[in-house]
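# Close look at the chain arrangement
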Amino acid sequence: MFNVLVGNSPASLESFDCSNPHKGTEPVLASCPSMQASQQHRSSVMASRLYRQIKQEVEPEPYWFPQLPPIDPSLCYSDSSHEFHFTVESSNENFCTLESSSANGSYNAYNSTSLVGFSPNGSPTSQQDSQSYPSDLHHSPDNNGGSPISGSCVTDDVSDLRDKLKELETVMLGPDSDVIDSKTSPEMGTWRLVTDAISRGDLKQVLVFCAKAMSDNDLLMAQWLMDELRRMVSVSGEPIQRLGAYMLEGLVARLASSGSSIYKALRCKEPKSADLLSYMHILYEVCPYLKFGYMSANGAIAEAMKDEDRVHIIDFQIAQGSQWITLIQAFAARPGGPPYIRITGIDDSTSAYARGGGLNIVGKRLSKLARYFKVPFEFHAAAMSGCEVQREHLQVRPGEALAVNFAFMLHHMPDESVSTENHRDRLLRLVKSLSPKVVTLVEQESNTNTAPFFARFLETLNYYTAMFESIDVTLPREHKERIDVEQQCLARDVVNIIACEGAERVERHELLGKWRSRFRMAGFTPYPLSSLVNATIKTLLENYCDRYRLEERDGALYLGWMNRDLVASCAWK
């Protein structure tokens, strides 16, 4: 977690070159301590009054940005053979980040030569050193709220704000500024720390200050810091610069109330080049997180079903069906022959978009694979959200050994903090009533479900910093595919966590300790993972950077990057 520095802690002021408002008085003040103290007190009072005056003059009315229209790019899906060819070509194109506040393509919130955005039709757009603002926010046709935008909005005249801030700094940071009456002007310490972080280029700390300002509803500070952050982030820079671009996007979207639109528009779709995997498959290949989750779940299922002749697997978020390729192969090699396998695939329209079609695509792909390995196979599609699933949709048959798979899915279900229906716990009780032999759980080890905004922001910053650093060691920064992977598979989650609340926030992760409590309340008991599965995953990690780590604790497996747990896997019965 990152510490937020507030109050009057010592901070460097070397970044400021303020004029001396008391020039000519130094000899007198130096020779008269009482006069010096009196002058310092008056300066402090002046600073406090000036701060409040500036804040009243430039504090905007409720913040507004035009809304992002739904993006509906053309879809492309390659249903080739199961031999995948992973090729990545270098790209020297410059990109700009997501345009959360662009309704017509004319407003670009970022001033950067390396940020990626979208045109109104959803295609990537390239822009160089763009810093354009709405020409007429006050009378914009997109302002459907009916009320005009305040003429004193800070975004209307950034240079005027800078002049006012400079004047404030001059008064606040005059001679002998180390002696400040904090009771008279408590804002001074925070301003000094913020400006010091900016002068040092401490992007993480500036992000934290910006989120804190938003949490405190200090829009003057938040908007000023957003302007500074736009100069510091880049989707082709260091990991923190790339993550910072998307976290800044989340902050902007939170003010504009456009986070839900971005989340729905950004889906991890198939790339248009037929010889590339989907972006999620690229992430699957370059980082072990998804592969770790799938392998650990498959190992538990294979172990539980080793003596069964008929196996029914219910996958509550089957996506493109990649998890089951290796399990079908493993069952094919089982001594005594493979079992009859039936898979019920549940999924919603988001994954249909990513696949370029419905669940029939998954069924055809897996059926083709099963025929190749001579495994008796049947696929049943249930095209719906997990919130809609009822017992009759699962078509459980007598005589089948049942396995249920929750891989990176349950955190999308609303719980008691969102809905009285509490689909998160309802699904667990439903599954328990089916008497499964094994239930697998794979989830991100993060705490963003019920955490308030600022704590959630810090957790997201910490978690995704490790994620972006791990991607950095595999995919070179100049590769366009890395930008696409991060933008479409990670950025949408970041924006949703930061910008959305209530039912619109669907990325609601919980730590494994909380999941354990939910499973136990539903009547489950732990199903220990076999030592063979653990050994196989350890062998897998040998193909990746040595900064990944695997740890077994309390019957569960944790995959992490350096000192941060990122994914947890366990099984239940």
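Residues numbered from 1 in each chain as written. Predicted model: local features only at pLDDT ≥ 70, side-chain atom pairs only at ≥ 80, totals over all residues. Heavy atoms only, no water.

Looking up the protein chain in an unreviewed UniProt entry gives the name Scarecrow-like transcription factor PAT1, with the organism given as Gossypium arboreum. For the record of the protein chain, the UniProt heading Sequence similarities (unreviewed entry) holds the text "Belongs to the GRAS family." (UniProt positions renumbered as here; feature names shortened; annotations may be inferred.)

Let us look at the overall build of the protein chain. Helices and strands together make up the secondary structure of the protein chain, namely 18 helices and 10 strands. When each of the 573 residues of the protein chain is scored for burial, the buried share is 56%. Accessible area for the protein chain stands at about 24100 Å²; split by element, carbon and sulfur atoms hold 50% of it. (Helix = DSSP H or I, 4+ residues; strand = E, 2+ residues; numbered from the N terminus. Buried < 20%, exposed > 50% of the residue type's maximum accessible area, 1.4 Å probe, protein only. Areas by Shrake-Rupley, 256 points an atom, 1.4 Å probe, with all protein chains shown as cover.)

With that out of the way, let us pick up the environment of Leu 475. Looking at the secondary structure, you find Leu 475 in the loop between helix 15 (453-472) and helix 16 (480-499). With a relative accessible area of 4%, Leu 475 lands in the buried category. Spatially, the C-alpha atom of Leu 475 lies 9.8 Å from that of Ile 282, the residues being 193 residues apart in sequence.

So, about the packing of aromatic side chains. Tallied over the entire structure, the rule returns 13 aromatic pairs. Ring centres 5.6 Å apart and planes at 70° place the aromatic pair Tyr 289 and Tyr 548 in the edge-to-face group. Of the two residues, Tyr 289 is situated in helix 10 (residues 288-304) and Tyr 548 in strand 8 (residues 548-553); the sequence distance between them amounts to 259 residues. The burial state of Tyr 289 is the same as that of Tyr 548; both residues are buried. Taken together through their ring pairs, the aromatic side chains of Tyr 289, Tyr 544, Tyr 548 and Trp 561 make up a single cluster. Looking at Arg 553, its charged tip hangs above the ring of Tyr 558, at a distance of 3.8 Å from the centre. (Phe/Tyr/Trp six-rings, centres within 6.5 Å; stacked < 30°, edge-to-face > 60°. Lys NZ or Arg CZ within 6 Å of the ring centre and 35° of its normal.)

Turning our attention to the environment of Gln 488. By the element assignment, Gln 488 lies in helix 16. C-alpha separation for the pair Gln 488 and Tyr 279, spaced 209 residues apart in sequence, amounts to 7.6 Å.

Before going further, it helps to spend a moment on the nonpolar core. Counting residues in hydrophobic clusters, the biggest one holds 105 residues, and the most contacted among them are Leu 225, Leu 251, Tyr 289, Ile 343, Leu 366, Val 438 and Tyr 464. Residue contributions to this core peak at 11 residues, all from helix 15. Among residues more than four places away in sequence, those in contact with Tyr 464 are Leu 243, Leu 490, Asp 493, Val 494, Ile 497 and His 509. With 30 residues, the next largest nonpolar core counts Phe 316, Leu 410, Leu 428 and Phe 524 among its residues. (Core = buried A, V, L, I, M, F, W, Y, C linked by side-chain atoms within 4.5 Å. Contact = heavy atoms within 4.5 Å.)

Two elements in contact, helix 5 (residues 203-215) and helix 6 (residues 219-229), have axes whose closest approach is 8 Å; the angle formed by their N-to-C orientations is 155°. In terms of orientation, helix 5 lies roughly antiparallel with respect to helix 6. In this structure, helix 5 crosses over helix 6, and the sense of that crossing is left-handed. Of helix 6, the residues touching helix 5 (which contributes Leu 203, Val 206, Leu 207, Phe 209, Cys 210, Ala 213 and Met 214) are Met 221, Ala 222, Leu 225, Met 226 and Leu 229. The class makeup of the residues in the contact of helix 5 with helix 6 is 12 nonpolar, no polar and no charged. (Axes fitted to C-alpha atoms, helices over the stretch in contact; angles between N-to-C directions. Parallel < 35°, antiparallel > 145°, perpendicular 65-115°, else oblique. Left-handed = near helix turned anticlockwise from the far one by under 90°. Nonpolar A, V, L, I, M, F, W, Y, C, P; charged D, E, K, R; others polar.)

This model, assessed by the stated rule, comprises 24 salt bridges. The salt bridge involving Arg 518 is made with Asp 415; its shortest N-O contact spans 3.0 Å. Taken together, the positions of Arg 518 in helix 17 (residues 512-521) and Asp 415 in the loop between strand 6 (401-407) and helix 14 (423-432) put the pair 103 residues apart, joining distant regions of the chain. One exposure class covers both Arg 518 and Asp 415, and it is buried. Note that Arg 505 is salt-bridged to Glu 501, the shortest N-O span being 3.9 Å. We classify Arg 505 as buried; its relative accessible area is 4%. (Salt bridge = Lys/Arg side-chain N within 4 Å of Asp/Glu carboxyl O.)

With that settled, consider the packing of helix 10 against helix 11 (residues 323-332). At a closest axis distance of 10 Å, the pairing of helix 10 and helix 11 adopts a crossing angle of 35°. By crossing handedness, the relation of helix 10 to helix 11 is classed as right-handed. Counted together, Tyr 294, Ala 297, Asn 298, Ile 301 and Ala 302 of helix 10 and Gln 323, Trp 324, Thr 326, Leu 327 and Phe 331 of helix 11 form the full contact between these two elements. Partitioning the contact of helix 10 with helix 11 into residue classes produces seven nonpolar, three polar and no charged.

In spatial order, the strands read 5-4-3-6-7-10-9-8; together these eight strands make up an open sheet with mixed pairing. Each edge of the open sheet carries a strand with a single partner, namely strand 5 (377-383) and strand 8. Geometrically, the sheet is characterised by an average inter-axis angle of 15° between neighbouring strands, direction not taken into account. In terms of strand pairing, strand 3 (residues 310-315) meets strand 6 through five bridges, oriented parallel. Residue pairing across strands places Ile 314 opposite Val 404, the latter belonging to strand 6. Across the sheet, helix 13 (residues 360-372) lies against strand 4 (340-347) and strand 5, angled at about 170° from strand 5, the strand it touches most. (Pairing = 2+ DSSP bridges.)

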